[in-house]
Number of protein chains: 4
Amino acid sequence: MGNNSKLVLKGVIPPLVTPLLSENRIDRVGLERLVEHVIDGGVHGLFLLGTTGEGPSLSAKLKREVVNYACNAVKSRVPVLVGISDTSFEESILLAKHAAECGADAVVLAPPYYFPSGQPELLEYLRHIAPKLPLPLVLYNMPAFTKVDIEVDTLRRASEINNLIAFKDSSGNMIRFHEYMTAMCYVPDFSLLMGPEELLAEAVLFGASGGVAGGANIWPELFVSLYDAANAGDVCNIRLLQEKVFKLRKVYSCGRFASSGIKGIKSALALLDICSDFMAEPFHAFHLTERKKIKAVLSDVKLI
Amino acid sequence: MGNNSKLVLKGVIPPLVTPLLSENRIDRVGLERLVEHVIDGGVHGLFLLGTTGEGPSLSAKLKREVVNYACNAVKSRVPVLVGISDTSFEESILLAKHAAECGADAVVLAPPYYFPSGQPELLEYLRHIAPKLPLPLVLYNMPAFTKVDIEVDTLRRASEINNLIAFKDSSGNMIRFHEYMTAMCYVPDFSLLMGPEELLAEAVLFGASGGVAGGANIWPELFVSLYDAANAGDVCNIRLLQEKVFKLRKVYSCGRFASSGIKGIKSALALLDICSDFMAEPFHAFHLTERKKIKAVLSDVKLI
Amino acid sequence: MGNNSKLVLKGVIPPLVTPLLSENRIDRVGLERLVEHVIDGGVHGLFLLGTTGEGPSLSAKLKREVVNYACNAVKSRVPVLVGISDTSFEESILLAKHAAECGADAVVLAPPYYFPSGQPELLEYLRHIAPKLPLPLVLYNMPAFTKVDIEVDTLRRASEINNLIAFKDSSGNMIRFHEYMTAMCYVPDFSLLMGPEELLAEAVLFGASGGVAGGANIWPELFVSLYDAANAGDVCNIRLLQEKVFKLRKVYSCGRFASSGIKGIKSALALLDICSDFMAEPFHAFHLTERKKIKAVLSDVKLI
Amino acid sequence: MGNNSKLVLKGVIPPLVTPLLSENRIDRVGLERLVEHVIDGGVHGLFLLGTTGEGPSLSAKLKREVVNYACNAVKSRVPVLVGISDTSFEESILLAKHAAECGADAVVLAPPYYFPSGQPELLEYLRHIAPKLPLPLVLYNMPAFTKVDIEVDTLRRASEINNLIAFKDSSGNMIRFHEYMTAMCYVPDFSLLMGPEELLAEAVLFGASGGVAGGANIWPELFVSLYDAANAGDVCNIRLLQEKVFKLRKVYSCGRFASSGIKGIKSALALLDICSDFMAEPFHAFHLTERKKIKAVLSDVKLI
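These numbers come from a predicted model, not from an experiment.

(A) Representation of the overall build of chain A in the model. Each helix and strand counted, chain A has 12 helices and 10 strands in total. Along the first, second and third principal axes, the C-alpha set of chain A runs to 50 × 45 × 35 Å. For chain A, the proportion of its 304 residues judged to be buried stands at 67%. Within chain A, counting contacts between residues at least 6 apart in sequence, those at least 24 apart form 74% of the total. Looking at chain A as shown, the accessible area adds up to about 10,500 Å², and 50% of this sits on carbon and sulfur atoms. Taken as two groups, the 31 positive and 33 negative side-chain charges of chain A have centres that lie 4 Å from each other.

(B) Representation of the relation of the copies chain B and chain A in the model. For the pair chain B and chain A, the superposition axis carries a translation of 0.0 Å, the fit reaches an RMSD of 0.0 Å, and the rotation angle comes to 180°. Taken together, the rotation and translation relating the two chain copies correspond to the operation of a two-fold axis. By residue overlap, the copies meet face to face through one surface: 100% of the interface positions of chain B are interface positions in chain A.

(C) Representation of the pattern of salt bridges in the model. A full pass over the atoms with the stated rule returns 44 salt bridges over all chains. A salt bridge links Glu179 of chain D to Arg249 of chain B; its shortest N-O distance comes to 3.0 Å. One end of the pair, Glu179 of chain D, is in helix α7 (residues 174-184); the other, Arg249 of chain B, is in the loop between α10 (235-248) and α11 (260-271), on a second chain. With a relative accessible area of 26%, Glu179 of chain D lands in the partly exposed category. On the accessibility criterion, Arg249 of chain B (16% relative accessible area) is buried. Glu54 of chain D is the partner of Lys266 of chain D in a salt bridge, and the nearest nitrogen-oxygen pair spans 2.6 Å. One end of the pair, Lys266 of chain D, is in helix α11 (residues 260-271); the other, Glu54 of chain D, is in the loop between β4 (46-48) and α2 (60-74), and 212 residues separate them in sequence. Judged by its relative accessible area of 0%, Lys266 of chain D falls in the buried class. Judged by its relative accessible area of 0%, Glu54 of chain D falls in the buried class.

(D) Region of interest: the sheet that holds strand β1 (residues 11-12) of chain A. Residue and element names in this part refer to chain A. With parallel pairing, eight strands are arranged side by side in an open sheet as β1-β10-β9-β8-β7-β6-β5-β4. The outermost strands of the open sheet, each flanked by one partner alone, are β1 and β4 (46-48). Bridge count for strand β5 (residues 80-83) against strand β6 (residues 106-109) is three bridges, and the pairing is parallel. From the neighbouring strand, Val82 faces β6, where its bridge partner is Val107. Strand contacts of helix α2 (residues 60-74): β4 and β5, with the helix running at about 165° to β4, the strand carrying the most contacts.

(E) Region of the structure containing the interface of chain D and chain C. Between chain D and chain C, the residue contacts involve 42 residues of the former and 42 residues of the latter. When the two sides are added together, the surface that chain D and chain C hide from each other amounts to roughly 3,600 Å², 64% of it contributed by carbon and sulfur. The largest contributions to the chain D side of the interface with chain C come from Tyr114, Phe115 and Glu121 of chain D, which together make up 21% of the buried area. Summed over the shared surface of chain D and chain C, the number is two salt bridges.

(F) Region of interest: the packing of aromatic side chains. Counted under the stated rule, the structure contains 38 aromatic pairs over all chains. Seen in terms of ring centroids, Tyr114 of chain C and Phe145 of chain D are 5.2 Å apart; in terms of plane orientation they differ by 80°. Their pairing is edge-to-face. Taken as a pair, Tyr114 of chain C in the loop between β6 (106-109) and α4 (119-129) and Phe145 of chain D in helix α5 (residues 143-146) lie in two separate chains rather than in one. Of the two residues, Tyr114 of chain C and Phe145 of chain D, both sit in the buried class. Among the aromatic residues, those joined into a ring-pair cluster are Tyr113, Tyr114, Phe115, Phe145 and Phe283 of chain A together with Tyr113, Tyr114, Phe115, Phe145 and Phe283 of chain B. In this structure, Arg28 of chain B packs its charged tip against the face of Tyr69 of chain B, placed 3.9 Å from the ring centre. Above the face of the Tyr114 of chain B ring, Lys147 of chain B is positioned so that its terminal group lies 5.5 Å from the ring centre.

(G) Structural detail: the interface of chain B and chain A. On the chain A side, the residues contacting the 42 residues of chain B number 42 residues. Summed over both partners, the interface of chain B with chain A comes to about 3,600 Å²; 64% of that surface belongs to carbon and sulfur atoms. It is Tyr114, Phe115 and Glu121 of chain B that lose the most area in chain B upon contact with chain A, and together they represent 21% of the buried surface on that side. Inspection of the region where chain B meets chain A yields two salt bridges. Between Lys263 of chain A and Glu121 of chain B there is a salt bridge, and its shortest N-O distance comes to 2.7 Å. At the junction of chain B with chain A, the criterion picks out 22 residue pairs in polar contact (both at pLDDT 80 or more). Listed by contribution, the elements that provide at least two residues to the side of chain B that touches chain A are α3 (89-102), α4 (119-129), α5 (143-146) and α11 of chain B. When residues of the side of chain B that touches chain A are assigned to their parent elements, the largest contribution, five residues, is made by α4 of chain B. For the side of chain B that touches chain A, the residue count by class is 20 nonpolar, 12 polar and 10 charged.

(H) Main features of the relation of the copies chain D and chain C. Rotating chain D by 180° about the axis while translating it 0.0 Å along that axis superimposes it on chain C, leaving an RMSD of 0.0 Å. Counting the interface residues of chain D, we find that 100% of their copies in chain C are interface residues as well, pointing to one common contact surface.

(I) The sheet that holds strand β6 (residues 106-109) of chain D, seen in detail. Residue and element names in this part refer to chain D. If you trace the eight strands from one edge of the open sheet to the other, you get β1-β10-β9-β8-β7-β6-β5-β4, paired in parallel fashion. If you trace the sheet from one side to the other, it starts and ends with β1 (11-12) and β4, each paired once. Two elements, strand β9 (residues 191-194) and strand β10 (residues 210-211), share two bridges in a ladder whose sense is parallel. Within β10, the residue paired with Met194 across the bridge is Gly211. With respect to the sheet, α2 is in contact with β4 and β5 (80-83), its orientation differing from that of β4 by roughly 165°. Packing against the sheet, α7 makes contact with β7 (137-141), β8 (164-169) and β9, and its axis sits at approximately 170° to β9.

(J) The environment of Ala100 of chain D, seen in detail. Residues and elements named next belong to chain D. Tracing the backbone through its elements, the reader meets Ala100 in helix α3 (residues 89-102). On the basis of relative accessible area, Ala100 is assigned to the partly exposed category, the value being 28%. The spatial distance from the C-alpha of Ala100 to the C-alpha of Ser171 is 28 Å, given a sequence separation of 71 residues. If sequence neighbours within four positions are ignored, Ala100 has contacts with Pro134 and Leu135.

What counts, and where the lines are drawn
Residues numbered from 1 in each chain as written. Chains lettered and ligands numbered in written order. Predicted model: local features only at pLDDT ≥ 70, side-chain atom pairs only at ≥ 80, totals over all residues. Heavy atoms only, no water. Helix = DSSP H or I, 4+ residues; strand = E, 2+ residues; numbered from the N terminus. Buried < 20%, exposed > 50% of the residue type's maximum accessible area, 1.4 Å probe, protein only. Contact = heavy atoms within 4.5 Å. Areas by Shrake-Rupley, 256 points an atom, 1.4 Å probe, with all protein chains shown as cover. Lys, Arg positive; Asp, Glu negative; His and termini not counted. Charge placed at Lys NZ, Arg CZ, Asp CG, Glu CD. Least-squares fit on C-alpha atoms with pLDDT ≥ 70 in both. Salt bridge = Lys/Arg side-chain N within 4 Å of Asp/Glu carboxyl O. Pairing = 2+ DSSP bridges. Axes fitted to C-alpha atoms, helices over the stretch in contact; angles between N-to-C directions. Buried area = accessible area lost by both parts, 1.4 Å probe. Phe/Tyr/Trp six-rings, centres within 6.5 Å; stacked < 30°, edge-to-face > 60°. Lys NZ or Arg CZ within 6 Å of the ring centre and 35° of its normal. Polar contact = N/O pair within 3.5 Å; in protein donor to acceptor, adjacent residues only side chain to side chain. Nonpolar A, V, L, I, M, F, W, Y, C, P; charged D, E, K, R; others polar.

The analysis is restricted to geometry; functional conclusions fall outside its scope.
Below, the structure written as structure tokens:
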């Protein structure tokens with residue numbers, strides 16, 4: 001994507017699932033098909049190895065392969081973001097260097113997710129790690145999984161870090177997202193990205209740059225249209241598209257546990273013949289019962 | 001420690017801190033001094049790379065060095081347990097293999113700590129990983145950090161796994177610990193270990209095998225005496241020793257965040273000239289203010 | 001308000017604070033001034049004895065007085081809603097009967113807030129209490145204070161209760177609010193009301209009937225304009241007004257505890273010479289330090 | 001119980017269930033039978049209108065009747081404690097006055113349970129209410145239901161209040177209970193009471209004055225024996241009795257919700273022909289399925 005210093009993230013940036021053939025083997029063909037599927041759908045970037053990408057569940061070796069294969073497939077058509085969140089400082093840096101070598105455009109970092117840091121500890125951590133990263137940095141708030149909820153003031157102070165270019169919030173806390181927007185609207189070229197796709201439209205309506213919609217793995221066009229409508233302030237159209245978003249998200253609630261969302265997306269992609277639904281441990285692909293429910297949802301929204 | 005099939009864990013097994021000189025360098029001399037310090041104090045085993053050992057914060061390379069150095073220092077005088085908890089299935093197995101090669105006696109595994117698993121998912125994960133581990137397995141409940149609280153029924157069912165020999169509970173939930181004891185008392189040679197040192201005495205009084213007392217890094221004799229008194233049902237002596245335990249634990253509350261406990265132990269060990277107090281990211285050693293408080297606590301319990 | 005069976009709630013319905021002169025004495029003159037203040041500001045209804053009204057902190061005797069005085073002051077110009085949430089079934093019914101006698105238009109009921117109920121228990125409770133209430137019923141979701149979060153399916157099933165006419169959600173969970181909207185859009189004349197004023201605009205944009213904005217005690221015109229803009233889908237205007245909403249809400253964060261919001265509103269109303277800032281136990285009015293901050297906020301939004 | 005200034009609480013003080021015939025009618029005969037049952041069993045006091053007594057669910061009128069009937073039945077044989085926790089300051093005081101008139105010996109007060117107070121707010125509240133109470137005061141920590149967890153320092157400071165004579169902790173946090181004990185052991189004649197019966201033995205072993213065991217409604221002798229054994233430091237006997245405690249507590253887990261414990265006790269008492277199992281709203285008595293399970297538990301511990 002050329003000169004990193006000019007990278008401004010916006011639009012729909014799907015958190016790509018990681019197609020797997022087995023615990024230690026990437027479904028490379030599936031990954032390539034998925035990349036084409038979402039780029040064809042008009043997405044504005046890709047995010048590898050995030051939560052939806054099962055990043056934390058993959059071995060260091062597999063993570064490197066995913067970055068390598070995906071960058072090769074994308075061929076700089078859209079910016080590629082690589083999740084480097086890790087409980088180890090050093091492992092995050094090693095992966096960031098690999099991402100830069102593969103031609104990725106930015107890295108995405110959530111707080112270390114074993115030990116919960118206090119806000120000053122987190123800020124110090126960010127100030128230490130950012131200069132060691134060879135790429136622009138996106139800070140990622142994912143409190144349900146990291147146990148750390150990034151405060152508005154922490155974000156404001158972190159935004160002074162030179163290569164911090166964006167903030168992705170997956171807390172689902174819309175009140176606080178408004179606070180982030182209020183606080184950051186004066187920082188030029190800084191992007192605020194909404195995590196949950198259910199809140200993408202209103203986030204963009206109120207000034208966010210875009211979102212990281214998991215459902216865009218399945219139906220990229222829907223989220224691109226929703227983003228466009230929100231960007232244009234077209235409330236009528238937003239409502240129509242939003243209705244489809246809420247139909248599609250039934251895909252995420254076919255199972256019983258927190259893993260249900262990712263399992264649902266992978267299962268849907270397998271039903272659409274895009275890639276394998278194999279899940280990294282500690283999870284496992286849905287069984288027939290859940291797959292049937294997912295098929296019904298896809299049929300309801302006319303994807304099959 | 002000879003034939004693994006006979007390993008029965010009991011007594012005081014300190015979760016060793018990991019002495020560091022810098023982010024990427026072990027304080028090997030400090031580590032060796034610490035090993036002698038706790039073995040001299042009479043501990044019944046060592047636990048490397050646990051929460052107190054900052055295991056999740058260390059790079060794969062550093063973890064391997066810790067295991068190597070510590071096993072060399074221990075020279076089979078007491079059993080060595082190695083924490084292999086990881087969000088990646090494969091990385092846990094790789095570290096377990098390395099631990100076996102270094103001569104460790106068992107591995108300790110908490111649930112993968114990024115994605116929270118449901119209880120059936122956790123059980124399936126344990127059944128998949130256990131046969132791939134070359135050593136006896138200790139299951140580790142640490143819900144505050146893993147977001148998964150291991151239910152009594154899950155433990156009961158997991159205990160049928162061939163090489164699962166013990167369960168360490170760091171939840172601090174004493175009511176449930178009684179339930180674990182009630183459920184597991186019929187499983188021969190299965191050890192229940194108490195995490196929080198404040199509950200060690202009552203756990204052993206009611207039938208637990210021992211505990212993983214962080215404070216035993218600093219003052220191993222105290223916890224060994226407490227264990228002995230509890231094992232003997234000597235309530236008077238327990239009360240006297242318990243008083244010291246509650247004086248010592250002021251070391252853990254000198255800072256403001258969740259990291260305060262480990263920082264406190266490392267700071268105390270530095271004051272006792274045992275090892276460096278350098279902390280792995282995202283944490284950093286205490287400053288002078290907190291060190292003074294820790295000195296006062298050590299002085300109050302007559303360790304300096 | 002005439003025939004209750006036709007009551008359809010919409011617009012801005014401020015949760016009125018309860019002006020007090022002392023622990024056991026209503027500031028009746030202040031209450032009357034407040035009623036005029038918000039009706040002059042164009043609000044579409046009033047909600048007495050809610051969370052903001054410190055309902056649960058008042059004695060049974062004081063609650064009855066509030067209802068009596070307020071209904072007298074309103075004189076049927078707008079619908080009056082009365083909070084009857086209580087841990088005791090009987091006390092809720094007694095207050096509802098009093099409200100009907102005073103001429104109130106509806107009652108508002110959150111789940112009993114000491115014992116947390118399961119969803120089926122809650123549904124059964126609602127089915128038992130509703131027929132004993134002489135007025136239309138608004139169900140109130142306030143999980144932070146009641147420890148019960150009303151599920152979408154519980155709402156759907158509760159909406160079959162004859163006199164249940166509306167649902168107020170103060171969870172702040174915007175994703176779930178979309179789910180409520182999706183589930184309830186087919187129930188004719190059923191109103192969904194947004195609690196947090198920060199989310200009023202987007203709730204109405206996506207189909208909600210209105211909101212219960214605490215800030216409308218202070219600045220009713222602002223929220224009425226915001227509601228009108230949202231109702232008209234006027235995104236530009238919404239953004240301008242929303243900016244003021246986020247300036248005003250600084251009033252709520254001048255203190256340290258959960259009570260800071262209500263204290264802030266009362267303090268602002270005292271500064272505007274509308275009513276006393278006396279707080280019911282266990283709370284107490286802000287001191288000078290906080291009052292100065294509140295004055296600064298009011299001055300910033302040009303209310304003083 | 002004569003001179004209140006000398007009241008020192010100790011031993012087993014069951015939190016009496018409130019036998020009901022219907023929503024608005026006390027089962028007075030059942031209540032009297034229950035009083036005899038527990039006094040015959042050797043309990044050292046009675047606690048009315050606590051959590052187990054469904055205090056918050058009863059109307060003001062019913063609460064007064066319970067206190068009246070129970071005090072009449074007890075006839076000063078043991079101290080009677082009356083729960084006066086309420087969200088309204090005034091209602092707590094009114095009930096305390098009634099309790100004094102009926103001859104009760106102390107009142108028990110948890111923090112107001114709708115609005116969560118900060119620790120300084122709570123302390124101020126206690127300082128305001130205590131002088132208005134005509135009886136000695138027991139402070140009650142019940143964070144799961146009040147959302148306020150009383151800190152050690154708050155207790156220490158509250159203990160300077162003249163008529164505060166005891167502290168009951170139902171948090172189930174045994175580590176913190178040790179801290180309370182450490183902090184309060186220097187305050188003469190101050191009683192620390194353990195809530196959960198599963199922790200009664202170890203609490204008393206380490207210095208607590210007694211406990212408020214819900215199961216003592218059903219089997220008072222068991223808990224009195226356990227208290228005696230703990231008081232005597234008789235570890236062998238404790239273990240034997242503890243085993244029965246853990247068998248009996250299966251009574252509490254026959255249902256699905258938080259209400260399962262109280263429902264279980266009432267159901268057991270009905271099976272023992274002591275009193276009615278009618279529950280106050282929002283709860284309802286167990287159905288046949290659960291009653292069968294409870295019968296099996298009672299049979300297992302040889303109570304029927």
